[in-house]
Every structure is written in C-alpha cells, then in structure tokens.
Amino acid sequence: MFPSSGAEVVAAEPAAASGTAGPAASGPTAPFETLVTPAPEPTPAAETPAPPAPEPVTAGTLEVAVSPAADAGDRERLLNGTHHEPHSVLGAHPVPGGVAFRAFRPYALSVTVFTGNLRAELHDDGEGFFSGLLPLREVPAYRLQVAYEGTEQHTEDAYRFLPTLGELDLHLIGEGRHERLWQALGAHPMTHQGVRGTRFAVWAPNARGVRVAGTFNFWDGTGFPMRSLGSSGVWELFVPGIGEGELYKFDITRPDGSRTLRADPMARRTEAPPATSSVIDASHHAWHDEEWLARRAKRPAHEAPFSVYEVHLPSWRPGLTYRQLAEQLPAYVKELGFTHVELMPVAEHPFGGSWGYQVTGFYAPTARLGTPDDFKYLVDALHRAGIGVLMDWVPAHFPRDEWALAEFDGRPLYEHADPLRAAHPDWGTLEFDFGRPEVRNFLVANALYWCEEFHIDGLRVDAVASMLYLDYSREPGQWTPNEYGGRENLDAVAFLQEMNATLYRRVPGVVTVAEESTAWDGVTRATHHRGPSGFGGLGFGLKWNMGWMHDSLQYMSHEPVHRSYHHHEMTFSMVYAYSENYVLPISHDEVVHGKGSLVSKMPGDWWQQRANLRAYLGFMWSHPGKQLLFMGQEFAQGAEWSEAHGPDWWLLDPAYGAAADHRGVRNLVGDLNAVYRATPALWARDIHPDGFQWIVGDAADDNVFAFLRFDAEGTPLLAVSHFSPVVRHDYRLGVPADVPAWLEVLNTDDARYGGSDVVHPHPVKPEPQGWHGRPASIRLTLPPLATVWLRPA
C-alpha cells in the first residue's frame with residue numbers, strides 16, 4: 001500500500017450526484033482531521049444505488065484518521081507498468097477506521113471522490129498517486145472528479161469494478177476451447193455493474209504488466225494498468241465512460257523490462273493502413289439474408305452448382321468502398337451467373353502489395369474500404385442477390401511487424417518457440433505454433449468468427465501444404481522430424497481437423513476449401529475416417545485441383561500442331577478426379593508475376609487466342625469439379641492483373657474498336673453459368689465416378705475429348721472439346737442407344753461469342769452404327785477450337 005492521509009469531506013451541491021462537482025462548504029480543514037456534514041437525503045451516484053449515508057457526527061469531533069501502512073513496492077510496480085493486481089491497491093477498500101480510497105492519475109492536480117451527497121478531496125501523495133480515508137461502514141458507489149491543468153474530468157473509477165470475465169471463460173481459454181473467443185477477448189463496449197464503458201482483455205502470459213493506452217488517455221497508459229486474471233495469461237480492465245470510435249493499443253512490459261506498444265490481436269476494427277491502432281467497435285448492422293441462410297443449409301456444396309468469381313475487392317473497381325461495391329458487385333456477378341464470389345483476403349494487412357496474404361488483424365476487415373458494418377452490408381447485399389460469399393483465410397503465417405503478433409509479449413507466443421519452426425522460408429513471415437492450445441483456439445475461433453459474425457458461406461484456406469509438412473521449402477538440417485520420424489506436421493493436422501470439425505458443426509451449410517498442392521491423403525475426407533496413411537481426413541469440403549490447373553494450362557499453351565503429343569495433360573486429371581472433392585481453379589496466381597493473362601497464354605493470332613480461351617472455358621465448365629475464375633478473365637483481358645489498377649474495364653467500352661471481342665467472351669461465361677446451373681448432370685454427381693463416362697479420351701491426333709456427364713437420375717449431357725483450328729465434318733462419336741436425339745445447348749464457336757458460327761441448330765439423331773464401344777453413334781461437324789454441349793432433345 002502507498003500512504004493515505006486524511007481527506008476533506010463536505011456536503012456537495014445536488015449537482016454533485018450527477019457527476020459535476022459543487023462548491024465546497026466552508027469550514028476548518030486540517031491534514032489529519034476529517035470533517036463530515038451529511039446531506040439530509042442521499043442521492044444515488046451514477047446508475048448504481050449509493051449505500052446508506054454514515055451516521056451524522058459533529059464537525060471537529062472525529063478522531064484522527066490513520067491510513068494503512070505504505071507499500072513502496074506497489075507504488076514502484078504501478079509506475080513501472082509491472083503490477084499484476086492494480087485493483088488490489090487502487091480503488092476503494094475497507095480498512096480499519098473506514099474505507100481507503102486510492103487513485104493513480106498521472107499529471108492530475110487533484111482527485112475528488114463523490115459518493116451520494118458527499119465529496120472528499122484526496123491527498124496528493126506525489127507522482128500521480130492520491131489517497132484518503134473516509135469514515136464509511138462499507139464501500140459505496142462513487143465517482144471521481146480529476147482536475148488537470150485547464151480541465152476537469154468526471155468519471156467512474158475503473159478500479160472499483162469486478163472482473164468482466166468469468167471462471168468459465170478463463171477455463172475455456174486455458175483449455176484452448178473457447179469457440180467464441182472474440183466475445184471474451186478484445187475491446188467490447190458494454191454496461192458493467194450499471195455503468196457504460198469498454199472492457200479490454202488480452203492474452204499475454206509472458207508479460208510482466210499490461211496497460212491500455214489510447215486516445216482517451218492521450219496514449220499514456222501509465223494510469224490504466226490491467227489486472228492479470230490468475231494463471232490464464234489474460235489481462236483485463238473495464239474502463240468506464242469510453243466507447244465506440246476510440247483508438248487503443250496495449251502497452252506491454254516484456255520479461256526483460258522493456259516496453260512495447262501492440263495492436264490488439266482480437267481487434268474487430270482497425271485504423272486504415274499505414275496507421276496501426278485498433279479501434280473500439282460495436283456492430284449495429286441488421287441482417288436481411290434469412291432466406292439465403294435457410295436455403296444454404298439444405299444442400300451440401302459438392303452436390304450443388306458451384307461456380308466462383310474470384311475478386312480482389314480493393315482493385316475490382318479501384319476507389320470503391322464496401323457500400324459502393326454493394327451497389328455494383330452483386331448485380332455484375334448475378335448477370336454473369338456465378339453462384340459464389342471468393343474474396344481475396346479481407347482481414348486487415350499492412351502491405352497492400354501482399355494482396356491481404358500477410359495478415360496482422362485477423363478479426364478485422366480491412367479499413368481501407370470501410371467499417372466492419374460496411375463489410376457486413378456488402379455480404380448482405382450479395383446474399384440478397386442469391387450469391388454466396390467465400391473468403392480467403394490465411395492461418396498459416398503472419399508478418400513480423402513489431403506492433404503486431406511477432407513476439408507479442410516479449411517472447412514467442414503466436415509463433416513457434418523454435419526459430420527453425422517459426423520462420424517461414426519463402427515469405428519472410430512467421431508460422432503459427434499450431435501445437436499451443438491458445439494459438440489453435442485463436443485460429444479456430446477466427447474461422448468461426450467470420451462465418452458467424454459476417455455470415456461468410458465458406459473459407460478458402462491458403463497455403464495448406466506449407467502447414468502440413470515440416471520440411472516445406474526447407475533443406476535437410478533445417479527441420480526436425482515429428483515424434484514418429486516423419487515429415488508431417490502433426491500439430492497442423494490436428495489444428496485443421498479441429499477447425500473443420502468445429503466449423504461444420506457450428507455453421508449449417510458452410511464449406512471449407514483447401515488450397516493444397518500435394519497428394520496429401522484425405523484432404524476432403526471426414527476427420528474421423530482414417531486413410532491408408534493412418535491419419536484421419538483433414539475434413540475440408542473441397543480442394544483446389546492444382547494438378548488439373550497446371551496440366552490443362554500447359555496443354556493449352558502448345559500450338560495445336562503439337563498438342564497431340566501432350567494429349568495426356570488433359571486426360572490425366574480423370575485418373576484421380578474422385579480422390580478428393582475438387583475445385584478447378586483459374587485464380588489470381590495464374591495471371592500475375594509475368595505469367596500473363598489467361599487469353600495471352602493461348603497460342604495463335606487474336607482470333608485463335610480467343611477461340612482457344614472459349615473452348616478451354618467450355619471444357620473447364622463440363623469437367624468434373626467446381627469452377628473458379630479470376631476477375632478480368634471473364635472478358636479476355638489481355639494484360640496480366642495488377643492490384644494497382646485492377647481489370648481493364650475499358651476493353652468493354654463500346655467506343656473501343658475490339659470491345660465486341662471481349663464482350664463475346666463475357667457473353668459466353670454468362671451462358672456457361674446459365675446452362676451449368678440449369679443442368680444437374682454438370683454438378684449433381686461431381687464427386688461420384690458414375691457421374692462421368694469417356695466417349696473418347698484417346699483421339700490425340702484429332703485433339704478431341706468427348707465425354708458424358710450424368711445427373712442423379714441418369715440423364716446425360718454430352719461434352720465435346722476440339723482443340724484444332726480446323727473444321728472436322730461428320731465426326732463420329734459413340735452415344736447411348738436410349739437417347740432418341742441430341743440438341744445443342746452451348747457452342748463456344750457461336751457468332752455471338754466471336755466464333756465462326758459452325759453450330760448445330762437442329763436436333764442430331766443417332767445412327768444404329770456402333771462406335772467407341774457404344775451401340776449407336778452421331779455425326780457432328782466439329783467447329784475449330786471449340787467446345788460443344790448437347791443434351792437429350
């Protein structure tokens with residue numbers, strides 16, 4: 001304890017009960033006497049009823065008030081920011097002879113206590129400490145008047161409140177099982193013990209002390225020390241009188257005594273970069289997507305139409321905010337017919353050139369485009385337009401910025417303690433310590449947070465391969481095998497299984513998608529089903545088919561005359577097509593860093609490039625698996641993507657001479673999606689081998705691929721892709737005998753798409769001549785560089 005002397009206590013004017021100081025009554029004062037003049041009718045202070053007033057005494061008759069013995073250690077620890085229990089010292093505490101009041105207000109000229117109709121000016125003990133002993137029977141409700149040079153502050157005392165976190169919260173945090181962690185940690189405006197304010201809580205188990213600093217205390221956290229809640233590693237403080245919009249950080253004293261100012265890992269809102277402060281926030285958005293959420297839960301993604309438009313929000317229409325995007329993006333995506341958008345990482349990140357893949361604010365949508373409620377407005381608008389929202393999620397690593405997660409409390413905390421395990425060899429970032437329960441909890445709860453609080457329909461999990469393998473991008477000697485001598489990161493496996501199991505249990509209709517580029521067994525297998533490797537499945541709903549993407553683009557890059565030698569690059573995907581639940585991705589990664597745009601990968605002149613692109617998209621949309629296409633590729637943008645200026649929308653301007661060429665490709669994408677959504681054969685049996693049959697997969701000399709897709713009732717769709725720049729007349733294909741006629745429903749060579757218009761306007765009837773091992777056959781004229789779809793007439 002630090003010294004506490006007597007205090008002047010006088011009757012206040014009625015205004016004092018509402019928190020404004022009245023003039024002091026006249027009368028003698030002495031440093032070791034307490035004068036009490038009770039008010040005839042006590043008035044409650046703030047929102048909490050005041051206790052009964054003390055019994056009246058006559059001025060001058062009170063014995064000398066003696067304070068408890070001073071403890072210089074408490075005072076030193078508070079000044080140095082290393083006190084674990086500031087509430088045990090500060091605030092009001094019963095002591096022999098009354099109630100001792102203690103306040104720590106650096107730079108204050110005076111501190112006065114108001115309780116009911118009484119006021120008491122505390123004694124200035126120096127260095128910002130104030131104290132006084134009041135002859136009260138129990139601790140009352142009270143307020144403080146703090147006088148600074150030129151101003152006065154009337155406030156509740158932060159150190160009179162009980163903890164805002166309960167034993168269950170702390171137990172779950174310690175176990176790493178708090179599924180709604182964002183409701184326990186971070187900054188939360190709330191009413192606590194009848195008083196409005198903000199509760200701050202942060203996990204920093206290695207800290208010697210934590211204080212909260214922000215705009216409300218001029219970024220000096222000296223007088224705002226937080227308390228440590230037992231052995232949980234959580235520090236907590238309820239600060240009355242502050243709310244939404246205030247900026248804050250945590251002032252942490254590290255084990256070596258140095259200090260660091262850190263953004264809140266659980267902040268739900270941040271300043272716009274390059275500023276780095278956290279922002280107190282509360283949501284006021286009213287959702288209007290009930291119908292969407294109810295419909296979403298009725299059918300799993302792998303049994304539904306699922307075509308995805310990938311978007312980098314800051315550059316889709318540069319300069320637009322979330323709310324402005326909500327006026328344009330849903331209409332555009334709906335016109336194109338995509339079922340979903342996939343947003344490249346939305347969580348806050350300091351460097352725009354990372355496209356969001358180096359996250360510092362895992363719980364905060366980037367402030368570059370607006371507030372969290374603005375982002376909710378965008379998601380709501382997409383849902384009301386019938387469009388699902390996937391979001392890129394990056395739990396593999398985080399940047400080393402000194403104000404963020406790296407050595408957050410002075411020691412490795414979120415990252416692995418072993419430097420070899422912590423340092424990501426490719427990106428200069430730090431990998432999460434997936435074996436630590438609290439870190440795993442931070443990430444699992446984060447996945448749940450986006451889906452529950454922002455109604456996100458699915459997470460595409462980035463860089464899964466880098467998480468799964470201990471030797472990922474590492475040379476011998478740079479990694480340590482697991483306990484069984486293997487290269488698998490068992491902690492990461494357990495984390496991904498827990499994340500997926502939790503998300504699917506808690507969020508009806510959600511889907512998770514793995515960006516996993518290796519042949520890891522069971523990425524989309526249930527977590528409780530063990531495979532040949534002995535591992536349970538990772539539990540994802542879908543997996544990006546990176547092999548299909550690489551092979552098919554490699555095939556398309558060859559001149560047609562050489563494609564016969566690379567025919568297997570288009571057929572090999574069917575060897576493993578049903579080993580996982582796949583998405584066929586043409587993502588941002590394929591159209592940046594010198595790789596060129598999708599159309600520019602195609603050989604030939606401008607007409608052939610567009611024809612190749614159209615034929616490829618037709619092949620992609622008919623191949624088993626879901627589809628993903630990055631923005632700008634839907635209208636054959638010629639330049640590769642740049643986050644600085646986004647898609648070249650001017651290519652669609654009617655004033656541009658070649659606009660019709662680009663509009664043709666966009667028209668095709670719209671029609672691909674329309675026919676796809678209306679044709680269950682293209683999606684209902686995506687993950688079942690009986691949903692696909694080759695007609696001819698070995699016509700290498702002709703550059704032809706033909707196959708059937710089937711819906712759950714066995715109704716087929718015939719897809720024929722021809723990747724030669726010639727017309728093939730009367731090309732015979734074997735077909736089932738039970739289809740009386742075939743009708744063309746899509747032809748990428750149609751004139752409205754920019755093709756040569758070699759189409760089939762009339763039904764095509766089978767002939768009884770067997771072909772390709774089938775009892776009947778049809779003869780088609782194959783357009784140059786085109787894909788044709790036919791259904792039973």
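One numbering rule holds for all chains: residues counted from 1, following each sequence as written. Thresholds applied to this predicted model are a pLDDT of at least 70 for local features of residues and 80 or more for the giving and counting of side-chain atom pairs; totals over whole chains, interfaces and linings are not thresholded and use all residues. Hydrogens and waters are ignored; side-chain quantities use all the structure's heavy atoms.

Caption draft 1: Spotlight on the overall build of the protein chain. Put simply, DSSP H or I for four residues or longer makes a helix, DSSP E for two residues or longer makes a strand, and each gets a number counted from the N terminus. Helix and strand counts for the protein chain stand at 15 helices and 36 strands. Here the C-alpha coordinates of the protein chain stretch approximately 120 × 60 × 45 Å along the principal axes. Residues counted as buried form 60% of the 793 residues belonging to the protein chain. Contact criterion: two residues are considered in contact whenever any of their non-hydrogen atoms come within 4.5 Å of each other. At a minimum sequence separation of 6, the contacts of the protein chain that also span at least 24 residues come to 73%. Only the protein chains shown count as cover for residues, with accessible areas throughout obtained via the Shrake-Rupley method and a probe of 1.4 Å. Accessible surface, the protein chain: about 29900 Å² in total, of which carbon and sulfur atoms supply 52%. When the 62 positive and 97 negative side-chain charges of the protein chain are each reduced to one mean point, those points stand 4 Å apart. Burial classes: relative accessible area under 20% of the type maximum marks a residue as buried, over 50% as exposed, and values in between as partly exposed (1.4 Å probe, protein chains only). Charged residues are defined narrowly, with Lys and Arg counted positive, Asp and Glu counted negative, and His plus the chain ends left uncounted. A charged residue contributes its charge at one atom only: NZ of Lys, CZ of Arg, CG of Asp or CD of Glu.

Caption draft 2: Seen up close, the side chain of His340. Its location among the elements puts His340 in strand β19 (residues 340-343). Overall, His340 belongs to the buried group, its relative accessible area being 11%. A 3.5 Å cut-off defines polar contacts: any pair of N or O atoms within that distance qualifies, except that in protein one atom must be a possible hydrogen donor and the other a possible acceptor, and neighbouring residues in sequence count only when both atoms are side-chain atoms. For His340, the side chain forms a polar contact with the side chain of Thr339, separated by 2.7 Å. Other than its neighbours up to four places away in sequence, His340 contacts Phe306, Ser307, Val308, Tyr309, Ile387, Gly388, Val389 and Leu390.

Caption draft 3: Region of the structure containing helix α11 (residues 490-506). The end-to-end C-alpha distance of α11, which contains 17 residues, comes to 24 Å, matching closely the 24 Å that a straight helix rising 1.5 Å per residue would cover. Burial in α11 covers these residues: Ala492, Val493, Phe495, Leu496, Gln497, Glu498, Met499, Asn500, Thr502 and Leu503. The secondary structure elements touched by the buried residues of α11 are β22 (388-393), α9 (437-453), β25 (458-461), α10 (464-468) and β26 (511-514). Its side-chain oxygen placed 3.2 Å from the backbone nitrogen of Asp491, Asn489 serves as the N-cap of α11. The span expected for a helix works out to 1.5 Å for each residue beyond the first.

Caption draft 4: Local environment of the nonpolar core. Each nonpolar core is a collection of buried residues, namely Ala, Val, Leu, Ile, Met, Phe, Trp, Tyr and Cys, held together in the definition by side-chain atoms within 4.5 Å. Counting residues in hydrophobic clusters, the biggest one holds 181 residues, and the most contacted among them are Phe200, Leu313 and Phe375. Counting residues per element, this core draws most heavily on α9, at 10 residues. Not counting residues up to four positions away in its chain, the partners in contact with Phe375 are Leu313, Tyr322, Leu343, Val346, Pro365, Trp450, Phe454 and Ile456. In this structure, Val696, Ala699, Leu718 and Tyr731 belong to the second largest nonpolar core, which totals 21 residues.

Caption draft 5: Layout of the environment of Asp124. Relative to the helices and strands, Asp124 is located in strand β6 (residues 123-126). Relative accessible area serves as the criterion here: at 41%, Asp124 is assigned to the partly exposed category. The sequence separation of Asp124 and Val111 amounts to 13 residues, and the corresponding C-alpha distance is 8.0 Å. Beyond its immediate chain neighbours, meaning those up to four positions away, Asp124 contacts Leu109, Phe129 and Phe130. Only 2.8 Å separates the side chain of Asp124 from the backbone nitrogen of Gly126, close enough to count as a polar contact.

Caption draft 6: Representation of the packing of helix α14 (residues 606-622) against helix α15 (residues 659-678). Comment: axis = line fitted to C-alpha atoms, over the contacting stretch for helices; angle = value between 0 and 180 degrees taken between N-to-C directions. Remark: α14 packs on α15, axes separated minimally by 11 Å, with the N-to-C direction vectors making an angle of 10°. Taken together, the axes of α14 and α15 are roughly parallel relative to one another. Residue-level inspection shows Trp606, Arg610, Leu613, Arg614, Leu617, Gly618 and Trp621 of α14 in contact with α15, the latter providing Asp661, His662, Val665, Leu668, Val669, Leu672, Asn673 and Tyr676. Looking at the contact of α14 with α15 residue by residue, the class counts come to 9 nonpolar, 3 polar and 3 charged. Each angle receives one of four descriptions, namely roughly parallel if under 35 degrees, roughly antiparallel if over 145, roughly perpendicular if within 65 to 115, and oblique otherwise. Each residue is assigned to one class: nonpolar for Ala, Val, Leu, Ile, Met, Phe, Trp, Tyr, Cys and Pro, charged for Asp, Glu, Lys and Arg, and polar for all the others, Gly among them.

Caption draft 7: Geometry of the sheet that holds strand β31 (residues 704-710). DSSP bridges decide pairing: two strands pair if at least two such bridges lie between them. Judged by pairing direction, the sheet is antiparallel, and its 5 strands sit side by side in the order β30-β31-β32-β36-β34 without closing on themselves. This sheet does not close on itself; its edge strands, each paired only once, are β30 (692-699) and β34 (742-747). For this sheet, the mean inter-axis angle between neighbouring strands, taken without regard to orientation, is 20°. Along the sheet, α14 makes contact with β31, β32 (716-722) and β36 (786-792), crossing β36 at roughly 40°.

Caption draft 8: Quick peek at the pairing of strand β11 (residues 195-203). In terms of burial, β11 is largely enclosed, as 8 of its 9 residues are buried. Direction of pairing for strand β10 (residues 186-192) relative to β11: antiparallel, over a ladder of 7 bridges. Each residue of the ladder has a partner; that of Ala187, found in β11, is Phe200. With antiparallel pairing between neighbouring strands as the criterion, β10 and β11 make up a hairpin whose turn holds 2 residues, including Gln193 at a positive phi of roughly 50°. Bridge count for β11 against strand β14 (residues 234-240) is 7 bridges, and the pairing is antiparallel. If you follow Ala201 over to β14, its bridge partner there is Glu236.

Caption draft 9: A look at unusual backbone geometry. In this structure, the amide linkage connecting Pro273 to the following residue, Pro274, adopts the cis form with an omega of 10°. Of note, Trp355 is a non-glycine position whose phi angle comes to about 60°, a positive value. Structurally, Trp355 is set in the loop between β20 (347-348) and β21 (361-365). Even without a glycine there, the phi angle at His455 is positive, about 55°. Mapped onto the fold, His455 is located in the loop between α9 and β25.

Caption draft 10: Molecular detail of the packing of helix α6 (residues 322-336) against helix α7 (residues 372-384). Relative to each other, α6 and α7 sit at 10°, their axes nearing to 8 Å. Taken together, the axis directions place α6 and α7 in an arrangement best described as roughly parallel. Of α7, the residues touching α6 (which contributes Tyr322, Arg323, Leu325, Ala326, Glu327, Leu329 and Pro330) are Asp373, Asp374, Phe375, Tyr377, Leu378, Ala381 and Leu382. Looking at side-chain class alone, the contact of α6 with α7 contains 10 nonpolar, no polar and 4 charged residues.

Caption draft 11: Here's a closer look at the packing of aromatic side chains. Paired rings are identified among Phe, Tyr and Trp, the last through its six-membered ring, by centres lying within 6.5 Å, and are further divided according to the angle between planes into stacked (under 30 degrees), edge-to-face (over 60) and tilted (the rest). Using the criterion set out here, one finds 50 aromatic pairs in the structure. Relative to Trp621, the ring of Phe338 lies with its centre 6.3 Å away and its plane at 65°, an arrangement referred to as edge-to-face. Highlighted residues: Phe338 in the loop between α6 and β19 and Trp621 in helix α14, separated in sequence by 283 residues. Since its relative accessible area comes to 0%, Phe338 is described here as buried.

Caption draft 12: Inspection of α14 at higher detail. Helix length check: α14 (17 residues) gives 25 Å between terminal C-alpha atoms against 24 Å at 1.5 Å per residue, within 8%. Across the 17 residues that make up α14, a large majority, 14, are buried. For α14, the N-terminal cap is Asp605; the gap from its side-chain oxygen to the backbone nitrogen of Trp607 is 3.2 Å.

Caption draft 13: Expanded view of the sheet that holds β11. Spatial ordering of the open sheet is given by β10-β11-β14-β13, a layout of 4 strands whose pairing is antiparallel. Single-partner strands in this sheet number two, and they are β10 and β13 (227-228). Pairing analysis gives 2 bridges linking β13 to β14, with the strands arranged antiparallel. Paired with Arg227 across the two strands is Glu236, which belongs to β14.

Caption draft 14: Highlighting the environment of Ser777. Within the secondary structure layout, Ser777 lies in strand β35 (residues 776-782). A residue is classified by how much of its surface remains accessible, and Ser777, at 0% relative accessible area, is buried. Remark: the alpha-carbon pair of Ser777 and Gly477, spanning 300 residues in sequence, is separated by 61 Å. Apart from residues lying up to four places away in sequence, Ser777 is in contact with Arg732, Leu733, Gly734, Val735, Pro766, Glu767, Gln769 and Trp771. A distance of 2.8 Å separates polar atoms of two side chains, one belonging to Ser777 and the other to Arg732.

Caption draft 15: Geometry of the pattern of salt bridges. A carboxyl oxygen of Asp or Glu within 4 Å of a side-chain nitrogen of Lys or Arg is what we treat as a salt bridge. According to the stated counting rule, one finds 37 salt bridges in the structure shown. With its nearest N and O atoms 3.2 Å apart, the salt bridge here joins Glu452 to Arg506. Note that Glu452 is positioned in helix α9 and Arg506 in helix α11, a separation of 54 residues in sequence. A salt bridge links Glu516 to Lys543; the nearest nitrogen and oxygen atoms lie 3.0 Å apart. Note that Glu516 is positioned in the loop between β26 and β27 (542-544) and Lys543 in strand β27, a separation of 27 residues in sequence. Given a relative accessible area of 1%, Glu516 falls into the buried group.

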